Number of protein chains: 2
Amino acid sequence: MLLVLTDEDIVPLLDMRDLIPLMEEFLRARDSGHTVTPPRHSVEFAPFGKLVFTIGGLKTGARALAGFRVYDTFPGPDDEFDAQTVAVWDSKRGSLLGLIVGWVLGEWRTGALGGVAIKHMSRPDARRCAVLGTGGQARTQLLAAAACRSLTEVRVYSRDPQHRRAFAAELATLIKGDVQPTASAQEAVEHADLVICATSSKTPVLETKWLCPGAHINALGPKMLNEHELPTDIAERITLLATDSIEQANGYPEPHFLAASAAWNHLQDLATLVAKPVPPRLGGDITLFSSCGLAGTEVLAAAHLLERYRLARQGSIHASAG
Amino acid sequence: MLLVLTDEDIVPLLDMRDLIPLMEEFLRARDSGHTVTPPRHSVEFAPFGKLVFTIGGLKTGARALAGFRVYDTFPGPDDEFDAQTVAVWDSKRGSLLGLIVGWVLGEWRTGALGGVAIKHMSRPDARRCAVLGTGGQARTQLLAAAACRSLTEVRVYSRDPQHRRAFAAELATLIKGDVQPTASAQEAVEHADLVICATSSKTPVLETKWLCPGAHINALGPKMLNEHELPTDIAERITLLATDSIEQANGYPEPHFLAASAAWNHLQDLATLVAKPVPPRLGGDITLFSSCGLAGTEVLAAAHLLERYRLARQGSIHASAG
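In this report, the structure presented in the accompanying data block is examined. Residue indices follow the written sequence of each chain, beginning from 1 at its first position. Starting at A for chains and at 1 for ligands, labels are handed out in the order in which the entities are written. Local features in a predicted model are, by the rule used here, given only for residues with pLDDT of at least 70; side-chain atom pairs are given and counted only at 80 or more, and totals for whole chains, interfaces and linings are based on all residues. Calculation of side-chain values draws on the structure's entire complement of heavy atoms; hydrogens and water are dropped beforehand.

Alignment of copies: least-squares fit on C-alpha atoms of residues with pLDDT of at least 70 in both copies. If you rotate chain A by 180° and push it 0.0 Å along the axis, it lands on chain B with an RMSD of 0.0 Å. In symmetry terms, the pair is related by a two-fold rotation axis. Interface residue correspondence from chain A to chain B reaches 100%, placing this contact among same-surface, isologous pairings. Contacts are residue-level and defined by heavy atoms, with any inter-residue pair within 4.5 Å sufficient.

Shown next as structure tokens:
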């Protein structure tokens, strides 16, 4: 029987300590030319919205996976009937391994990719973290940051005081650390070694001059020329600009907000930074990871979770039989 | 909870008397410009094969549906883990209505489209039917033909005598009629008003001179310039050539085997024939429907089956409560 899992099934199995190395495995395979990662494919159903597909996979010694994630941009509440669906095949054996229907998988794999960026781009001694935004992406980015760096201080800002208080309380428990809400974005950013920018803002939410020397930024929100959450003049400060998907960064309907900057000429593939690590940064330069969503990564994450689910179920069957 | 159905769930609900009018509804919507029917989208996962997506939907007064069917061309047996998946959204409300995972839905909607072609292209007095091929497509094409015309005689040929005998016995029961295996394709075709050509043959399985005056052909199998189950000289005999998807007919990696013929210049969209019916044919001319697979039709068929399943379940809950 085909395995179809929902958020309820996979939430107990999600762990950044598994997912971050898994994303590194994918990125190393990508660097060796063993992944399939085309830009998103979308089909318009006017006037309601689109279906958007990220289709991809990888082939390494042990694994040959193919699959896709699909989501819609139709109106309506984000409820159980507005879920994203991920499907995974073992492409070598020709088997559909299963489906995962829900919301959390996409956020966790994006979080894990953000963790990889922090691990390979930020200073090893980064301790203080700013989080702008309190949605699902902000949550998984912070979980990933906490899995890669020894955070001593996390400051959270979003426009709604209630949201930032609730986020701070929940995340303090999850990362077993100090997470405080702040009354302004500046208060959060100006003390931070790591800045997680995960808003839906179409205009800049921080000023470049607030950034500490040596800071690293993970940017998740709007990044188009006409709508972007980071200021364009950030390009003048950054010495390393990377993305998980150069195909996707160049594949949006609008240009990337930094595409016209000199920094864009040196845009790095995160896969290269993982496969060919450079000595750790210790200087005061500023680095930016622009998260675009690398096709195929959700397929590998889903395959891992389907496998963990099967093993956990077998374990519980054995336990109850024993 | 999201509804995920398998073949076992939907087989009891499949009925050509529902599906043929449903496909006509789709084709009328298409003729009015209210459907989304791009050619297939496929992504290569070398060296194993592809994932192939048909994405589509429709918008009429009562319905706004979007969705897709996906299948793989990876090696491996056609088993429960090599299934096709269809997903359906109500695009107006933004709800994922459900998924159907299996094999039969694709074959039944292709059958129903073949039924529409027979209804609108063949002579109303067509009685004798030839079937070349004994697979799932041959089966549903014959079920659809029997739903549209009063068949008095069905002759079935395929290379394997056991396959044609088993097919004849099964279909005789299903259509409650006379279905006989024949020892050659010619014996089946030379007496037929309707010819269903549903083989996987890469070379012609019939000769044009075998065709009766007035015959109509539904062709399902290979139709590329370098691999085709019908002879190219059939173009000289046909006075009406139609397909369900002109987009797809022109969207294959290779040209259609008739694309260089004069008949191709008059290629009709089945949607036009449904929306603007012409007087029934009574002469001796020969007509051909080349089935290419119209995107979105499986989405409408799936929405119908999900709804029927819900109603049947509600009915049985009420019955057991009563």
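Turning our eyes to something else, we now look at the interface of chain A and chain B. Contacts between chain A and chain B engage 43 residues on the former and 43 residues on the latter. Note on definitions: buried area is the accessible-area loss of two parts on being combined, 1.4 Å probe, summed for both. Surface buried jointly by chain A and chain B totals about 3,400 Å² across both partners, of which 75% is contributed by carbon and sulfur atoms. The largest per-residue losses of area from chain A upon contact with chain B belong to F48, F81 and W89 of chain A, which jointly make up 17% of the total buried on that side. Every helix listed is a DSSP run of H or I at least four residues long, and every strand listed is a run of E at least two residues long, numbered separately from the N terminus. At the level of secondary structure, the elements contributing two or more residues to the side of chain A that touches chain B comprise β1 (4–6), β3 (41–45), β4 (49–59), β5 (64–72), β6 (84–90) and β7 (95–102) of chain A. If you tally residues by element for the side of chain A that touches chain B, the top one is β5 of chain A, at 7 residues. When its residues are assigned to classes, the side of chain A that touches chain B shows 26 nonpolar, 10 polar and 7 charged. In this classification, the charged set is Asp, Glu, Lys and Arg, the nonpolar set is Ala, Val, Leu, Ile, Met, Phe, Trp, Tyr, Cys and Pro, and all remaining amino acids, among them Gly, are polar.

This part is about the nonpolar core. Residue and element names in this part refer to chain A. In this structure, V131, L142, V154 and L270 are the most contacted members of the largest nonpolar core, which totals 64 residues. By residue number, the principal contributor to this core is helix α3 (residues 104–121), which donates 9 residues. Those residues in contact with L142 that sit more than four places away from it in its chain are C129, V131, L151, V154, F167, L171, I175 and I196. Nonpolar cores are built from buried Ala, Val, Leu, Ile, Met, Phe, Trp, Tyr and Cys residues. Side-chain atoms within 4.5 Å join them into one set. Residue exposure (1.4 Å probe, protein chains only): buried if accessible area is under 20% of the type maximum, exposed if over 50%, otherwise partly exposed.

With that settled, consider the pattern of salt bridges. Basic side-chain nitrogens of Lys or Arg form a salt bridge, by our definition, when they fall within 4 Å of a carboxyl oxygen of Asp or Glu. One pass over the structure, following the stated rule, counts 30 salt bridges over all chains. The partner of R308 of chain A in a salt bridge is D18 of chain A, with the nearest N and O atoms 3.0 Å apart. One end of the pair, R308 of chain A, is in helix α9 (residues 297–321); the other, D18 of chain A, is in helix α2 (residues 16–31), and 290 residues separate them in sequence. E247 of chain B serves as the salt-bridge partner of R30 of chain B, at 2.9 Å between the closest nitrogen and oxygen. Note that R30 of chain B is positioned in helix α2 (residues 16–31) and E247 of chain B in helix α7 (residues 246–249), a separation of 217 residues in sequence. Overall, the relative accessible area of 28% leaves E247 of chain B in the partly exposed class.

Time to look at unusual backbone geometry. All names here are of chain A. Following A46, the chain continues into P47 via a peptide bond in cis, with omega recorded as 0°. As for its position among the elements, P47 is in the loop between β3 and β4. For K176, which is not a glycine, the phi torsion comes out positive at approximately 50°. Counting through the fold element by element, K176 comes out in the loop between α5 (161–175) and β10 (179–181).

Further remarks concern the environment of Q84 of chain A. Residues and elements named next belong to chain A. Tracing the sequence through the fold places Q84 in strand β6. Along the backbone, Q84 and V101 are 17 residues apart, and their C-alpha atoms lie at a distance of 5.7 Å. Ignoring anything within four residues of it in the chain, the contact list for Q84 reads R69, V70, Y71, I100, V101, G102, W103 and G106. As used in this structure description, the phrase polar contact means that two N or O atoms lie within 3.5 Å; if the pair is within protein, one of them must be able to donate a hydrogen and the other to accept it, and residues adjacent in sequence are counted only when both atoms belong to side chains. Side-chain polar atoms of Q84 contact the side chain of R69, separated by 2.7 Å.

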